[in-house]
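# Overview (structure and organization)
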Amino acid sequence: NTPREFALLRSLAPNARILAYLTSQEIRRDASEHPQSPLRRKLAAVIRDDWYLRSPSDARASWWPQTWLLDVTDRGWTDALATFVAEAIASDPRWDGVFYDNLWGGISWFAEQRGALDLDRDGTADDPAALDRRWQGGVRALLAETRVRARDGFLIIGNGDATYADLVN
């Protein structure tokens, strides 16, 4: 929402790489109304209710204040996010890439610290080892699909451990 600032940054540091910041696994609860974040509003508009990460009681899970966790094991969510990145960010020459925050190597820590998770929505807590395997598969799908859909040379960066080093720049 600040084209002048993009131009100024490019003029001051022509070799800089400008990355869009996105969380890979959560969205702000007020994303659909946030006045300063047009891209976040656009992303929030495509999120379906069944893509939220849930407890066995079907309550939405939250890790950070004022956010809801999303289920990266759901291919619908990872495909939607990769499509959003390709269409709203990679197609815009102002962006050189995306920074995916929270590329966690697993989600069992959340279940251990905050409460059980139910990825398959059968009303029972999922096994922690299975949670991590499925989570890693989902993040890998997100990164691979982003790479396929984004333009050549588009940077994909993230934070976390080395679990996904083979899929990021």
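Everything below is about the structure printed above this text.
Described below are features of the structure shown in this document. For every chain, the first residue of the written sequence is number 1, and numbering continues from 1 along that sequence. Local features in this predicted model are restricted to residues of pLDDT 70 or higher, and side-chain atom pairs are both shown and tallied only at a pLDDT of 80 or more, whereas totals for entire chains, interfaces and linings draw on every residue. To get the side-chain values, take all heavy atoms of the structure and skip hydrogens and water.

This brings us to the pairing of strand β4 (residues 97-101). Of all five residues in β4, four are buried, a share of seventy percent or more. Note on pairing: DSSP must find at least two bridges between two strands before they are called paired. What counts as a helix is a DSSP run of H or I of at least four residues, what counts as a strand is a run of E of at least two, and both are numbered from the N terminus. Pairing of β4 with strand β5 (residues 155-158) involves four bridges; the strand directions are parallel. Looking across to β5, one finds that Val 98 is bridged to Ile 156. Each residue gets one of three labels from its accessible area relative to the maximum for its type: buried under 20%, exposed over 50%, partly exposed in between, using a 1.4 Å probe on protein chains only.

A word on the pattern of salt bridges. Take a side-chain nitrogen of Lys or Arg and a carboxyl oxygen of Asp or Glu: if they are within 4 Å of each other, that pair is a salt bridge. Per the counting criterion, the structure on display carries eleven salt bridges. Here Asp 30 and Arg 28 are joined by a salt bridge, their closest N and O atoms 2.8 Å apart. Glu 145 is the partner of Arg 75 in a salt bridge, and the nearest nitrogen-oxygen pair spans 3.3 Å. You can see Arg 75 sitting in helix α3 (residues 75-90) and its partner Glu 145 sitting in helix α5 (residues 128-149), a full 70 residues away along the chain. Residue class for Arg 75 comes out partly exposed when judged on its relative accessible area of 43%. Taken together, the shared-partner salt bridges connect Asp 49, Arg 54, Asp 58 and Arg 60 into one network.

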